[in-house]
Amino acid sequence: MFSLRSALGIIIRPPNHCWQKKIDSTIRRFGKAPSSGKMNTVFVYGTLKKGQPNHHYMIDGSKGSGMYYGKGRTQQKYPLVIAGKNNIPFLLNLPTIGHKILGEIYLVDDQLLEFLDEFENCPDVYQRNSVRVQVLEWDNKDSKPDVKPDEDGTLMCFLYNTKFYEEDWLNLPYYDDYDPFGNHEQPKYILREAR
Ligand code: PCA
């Protein structure tokens, strides 16, 4: 099985909260408990954004339902680096270092959230955490479920970041907006099919 962990040689200690998620997802898969049907706000900053190679999963319905709601920027600063032999964007869970990160906000159902957890190798590579996002543009049309930013213009969203990284990643450039196609200084992501 492909393991980014072994590819990068990172020592992994999964955080406890993700085990609960694994148990929940196992229960869901075996049908012992119905999915709650609730929707989840997710902030994406990397290959899941519009124009990036994995974006289609967010909106094509093949892995669950997802809807674009708008643009945002993390309230905290983080180092966003492009690292490893496949040039993967990693938001390191080191708040206060780096930049406030630009990204997109989606509303996703439990099925798509579960897919994203597996796709992002949570908890081994990324961990899904809740962070506060400053909403910059909001696209809440009548046909969409009603979700609104809080009065201060922020919204709590899930985001995939990581506390597992190699020390020298801290010497890489820190970006605020992942866009290797538009910004030619950013190393190009190697597609999964091409690895
Ligand atoms: N996918 C997730 C985390 C990093 C990545 O490439 C995202 O786009 O937010």
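Just above, that's the structure.
Rules behind the numbers
Residues numbered from 1 in each chain as written. Predicted model: local features only at pLDDT ≥ 70, side-chain atom pairs only at ≥ 80, totals over all residues. Heavy atoms only, no water. Helix = DSSP H or I, 4+ residues; strand = E, 2+ residues; numbered from the N terminus. Buried < 20%, exposed > 50% of the residue type's maximum accessible area, 1.4 Å probe, protein only. Contact = heavy atoms within 4.5 Å. Areas by Shrake-Rupley, 256 points an atom, 1.4 Å probe, with all protein chains shown as cover. Pairing = 2+ DSSP bridges. Near = heavy atom within 4 Å. Polar contact = N/O pair within 3.5 Å; in protein donor to acceptor, adjacent residues only side chain to side chain. Nonpolar A, V, L, I, M, F, W, Y, C, P; charged D, E, K, R; others polar. Salt bridge = Lys/Arg side-chain N within 4 Å of Asp/Glu carboxyl O. Phe/Tyr/Trp six-rings, centres within 6.5 Å; stacked < 30°, edge-to-face > 60°. Lys NZ or Arg CZ within 6 Å of the ring centre and 35° of its normal.

## Observations regarding the overall build of the protein chain
Here is step 1 of the chain: The secondary structure content of the protein chain amounts to four helices and seven strands.
Here is step 2 of the chain: Split into buried and exposed, the 195 residues of the protein chain put 45% on the buried side.
Here is step 3 of the chain: Pairs at least 24 residues apart make up 77% of the contacts formed inside the protein chain by residues separated by at least 6 positions.
Here is step 4 of the chain: Carbon and sulfur atoms make up 52% of the accessible area of the protein chain, which totals about 10200 Å².

## Some details on the pairing of strand S6 (residues 127–138)
Here is step 1 of the chain: As paired elements, strand S2 (residues 66–78) and S6 share five bridges and run antiparallel to each other. Pairing of Gly72 across the sheet is with Val135, part of S6.
Here is step 2 of the chain: As paired strands, S6 and strand S7 (residues 154–161) are joined by eight bridges and run antiparallel to one another. In the sheet register, Val131 faces S7, and the bridge partner there is Cys157.

## Some details on the site of the ligand
Here is step 1 of the chain: Taken together, the residues surrounding the ligand are Val44, Tyr45, Gly46, Thr47, Leu48, Pro89, Glu120 and Tyr126.
Here is step 2 of the chain: For the ligand, an oxygen atom lies 3.1 Å from a polar atom in the backbone of Leu48.
Here is step 3 of the chain: One nitrogen or oxygen atom from the side chain of Glu120 is found 2.9 Å from a nitrogen atom belonging to the ligand.
Here is step 4 of the chain: Taking 260 Å² as the accessible area of the ligand by itself, protein coverage stands at 99%.
Here is step 5 of the chain: Classifying every residue of the shell around the ligand gives five nonpolar, two polar and one charged.

## Details of the pattern of salt bridges
Here is step 1 of the chain: Evaluation of the coordinates by the stated rule reveals seven salt bridges.
Here is step 2 of the chain: Ionic pairing is found between Asp177 and Lys49, a salt bridge with its closest N-O pair at 2.9 Å. A residue pair is termed long-range when its members are at least 10 positions apart, and Asp177 in the segment after S7 and Lys49 in the loop between strand S1 (39–44) and helix H3 (56–59) qualify at 128 residues.
Here is step 3 of the chain: The shortest N-O distance in the salt bridge between Lys71 and Glu137 comes to 3.9 Å. Residue Lys71 is located in strand S2, and its partner Glu137 is located in strand S6; the two are separated by 66 residues in the primary sequence.
Here is step 4 of the chain: Here the salt bridges do not stand alone but share partners, grouping Asp139, Lys141 and Lys144 into one network.

## Digging into the packing of aromatic side chains
Here is step 1 of the chain: Enumeration over the complete set of coordinates arrives at seven aromatic pairs.
Here is step 2 of the chain: With centroids separated by 5.2 Å and ring planes inclined at 25 degrees, the aromatic side chains of Phe90 and Tyr126 adopt a geometry described as stacked. Residue Phe90 is located in strand S4 (residues 88–91), and its partner Tyr126 is located in the loop between helix H4 (110–119) and S6; the two are separated by 36 residues in the primary sequence. Both residues of the pair, Phe90 and Tyr126, belong to the buried class.
Here is step 3 of the chain: An aromatic cluster of at least three residues, connected via ring pairs, comprises Tyr57, Phe115 and Phe119.
Here is step 4 of the chain: The residue whose ring lies beneath Lys144 is Tyr69, and the NZ or CZ to ring-centre distance is 4.7 Å.

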